Amino acid sequence: MPEFQYTAREASGQQVSGSITANTQQEALSALSSRRLFPLQVEMAAASVKQQSYAGKRVGARQLAILYSQLADLLKSGVPLLRALELLNRQATKPALRHVLEEIRTDVADGTRLYESFRKHPRVFNELVVSMVRAGEEGGFLEEVLKRVAAFTDHQEDLKGRVIGAMIYPIILSVFGSAVVIFLLVKFVPSFEPIFAQMRERGDLPWATTSLLAMSRFAQNYWFVLLGLGAAAIYGASRYMQTTEGRLVVDTWRLKTIGLGRIVRNLATARFCRVLGTLLRNGVPILQSLRIAKDATGNLVLSNAISNAADNISAGKSLAKPLEASRQFSEEIVAMIAVGEESNNLEEVLIDISENLERRTNRELDLAVRLLEPLMLMVMASVVLFVIVALLLPILLSSTSV
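Residues numbered from 1 in each chain as written. Predicted model: local features only at pLDDT ≥ 70, side-chain atom pairs only at ≥ 80, totals over all residues. Heavy atoms only, no water.

Participant: Give a description of the overall build of the protein that names residues and reports values.
Facilitator: For the protein, the helix and strand inventory stands at 18 helices and three strands. For 402 residues, the compact-globule formula gives about 21 Å, and the C-alpha radius of gyration of the protein, at 30 Å, lies well above that figure. The principal-axis extent of the C-alpha atoms belonging to the protein is close to 100 × 80 × 35 Å. Looking at the protein residue by residue over its 402 residues, the buried ones come to 36%. When contacts within the protein are restricted to residue pairs at least 6 apart in sequence, those whose partners lie at least 24 apart make up 58%. (Helix = DSSP H or I, 4+ residues; strand = E, 2+ residues; numbered from the N terminus. Rg over C-alpha atoms; globule rule 2.2 N^0.38 Å. Buried < 20%, exposed > 50% of the residue type's maximum accessible area, 1.4 Å probe, protein only. Contact = heavy atoms within 4.5 Å.)

This is how it looks when you write it as structure tokens:
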């Protein structure tokens, strides 16, 4: 809670100074009035201002994974939760993480449950972590859940690093190619326009050259329009994707994209199976586990399908049948889940499914990236070839006519 420094007068007229803790400046003013003090100046303390600047910042996934692991080790060693949070707060090196831990410790000291305190920091702890910590607190296996969350967070960060590392070269290639094309249109092509003036007047200029010169003039005269449209499109798309309808449209498109859709679906399914298997292994009831694990997919289409499956299970049906009816999961995965249910070994089967899917998807992702590199080179080469042909074609035609 922020601390405010104040200067006020008592009823006798004597001026006093001090500090007061309150959520807002208005609350601080009200608290001073209740003490029969007339505030002259109320400002947030420097330390609180610094803490507020860290309140909206994110904390890295690696730091969170270490935090979960250390907290689990302390609790497993018998250290009380409040004492464990205090120790972690002292060891924290990142200001943003230290600020979050201070607020969590204050909430827990006031009697707030740990998951409720986590929920107050959505930019740091996502809904999946909050739900799993809640299940661990209610089921009495918080240490085990924190260990699982740490491993899951670390695993997801490794996977993200692999994807980003694989995409660095294609991204650099696309940026460099775009810069080359823009340079050709803005600087190189205009120098040829006076040469083709007579052919344009006679109507002998090839369509490729005419199109290239038109694109060049547009890029020179209306570059700000293109820049504005691009910025507006990016802003509009980002706002639209924050809505439920926008997320549903984008997630549907991601699942149906040729080549990419299979990889996205497999990764989302692997995350779902790993989290669901982990929760079931720790004794969380299947309905509660499904409501927690559906958020792990990262895809609204699959999340809705799992939510519908949970409703059907509550009516007494098995998990495999509603998943099969949703048509969002492959027949192979549905068959393995059905076998796991029949053998009463569903949690182990789900973990095996996630590991097999991740290995297979990693190979497919590496292959897709390898294919993307020559494809982008071909696109760049085609664009440059079009520019060269459009510039040389009038010269070749004029020499042929002569």
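Participant: Please give an account of the nonpolar core that cites residues and values.
Facilitator: One finds Y68, F118, F125, L319 and I337 to be the most contacted residues of the largest nonpolar core, which totals 68 residues. No other element matches the nine residues that helix α13 (residues 260-281) contributes to this core. Excluding anything up to four places from it in sequence, L319 contacts L276, L290, A309, I313, I337, E341 and L346. (Core = buried A, V, L, I, M, F, W, Y, C linked by side-chain atoms within 4.5 Å.)

Participant: Lay out the pairing of strand β2 (residues 15-21) in plain terms, naming residues and giving numbers.
Facilitator: A regular strand places its side chains on the two faces of the sheet in alternate fashion. Judged from the seven bridges that link them, strand β1 (residues 3-9) and β2 form a sheet pairing that is antiparallel. By the bridge assignment for β2, A8 is matched with V16. (Pairing = 2+ DSSP bridges.)

Participant: Just give me the short version of the environment of E137, but keep the residues and values in it.
Facilitator: Assignment of secondary structure puts E137 in helix α7 (residues 127-139). Linking E137 and G230, residues 93 residues apart in sequence, is a C-alpha distance of 48 Å.

Participant: I'd love a proper account of the pattern of salt bridges, names of residues and values included.
Facilitator: Where side chains of opposite charge bring their charged atoms close, a pairing between them can arise. Tallying each qualifying case throughout the model produces 11 salt bridges. A salt bridge links K147 to D73, with the nearest nitrogen and oxygen atoms 3.0 Å apart. Highlighted residues: K147 in helix α8 (residues 142-188) and D73 in helix α3 (residues 61-76), separated in sequence by 74 residues. Exposure remark for K147: the relative accessible area of 34% places this residue in the partly exposed category. Across the salt bridge formed by R113 and E137, the nearest N and O atoms sit 3.9 Å from each other. Placement of the pair is R113 in the loop between α5 (95-109) and α6 (114-119) and E137 in helix α7, with a sequence separation of 24 residues. Taken together, the shared-partner salt bridges in this structure form one network comprising R83, E86, R90 and R105. (Salt bridge = Lys/Arg side-chain N within 4 Å of Asp/Glu carboxyl O.)

Participant: Account for the packing of aromatic side chains, with residues named and values stated.
Facilitator: The geometry of an aromatic ring pair comes down to the distance between the two centres and the angle between the two planes. Going through the model one piece at a time under the given rule, you end up with three aromatic pairs. Note on Y68 and F125: the rings are 6.4 Å apart at their centroids and 45° apart in plane angle, and the pair reads as tilted. Residue Y68 is found in helix α3, and its partner F125 is found in the loop between α6 and α7; the two are separated by 57 residues along the sequence. The burial state of Y68 is the same as that of F125; both residues are buried. Between the aromatic rings of F272 and F329, the centroid separation amounts to 6.1 Å while the plane-to-plane angle is 45°, which identifies the pairing as tilted. With F272 in helix α13 and F329 in the loop between α16 (320-326) and α17 (331-342), this residue pair connects regions lying 57 residues apart in the sequence. (Phe/Tyr/Trp six-rings, centres within 6.5 Å; stacked < 30°, edge-to-face > 60°.)

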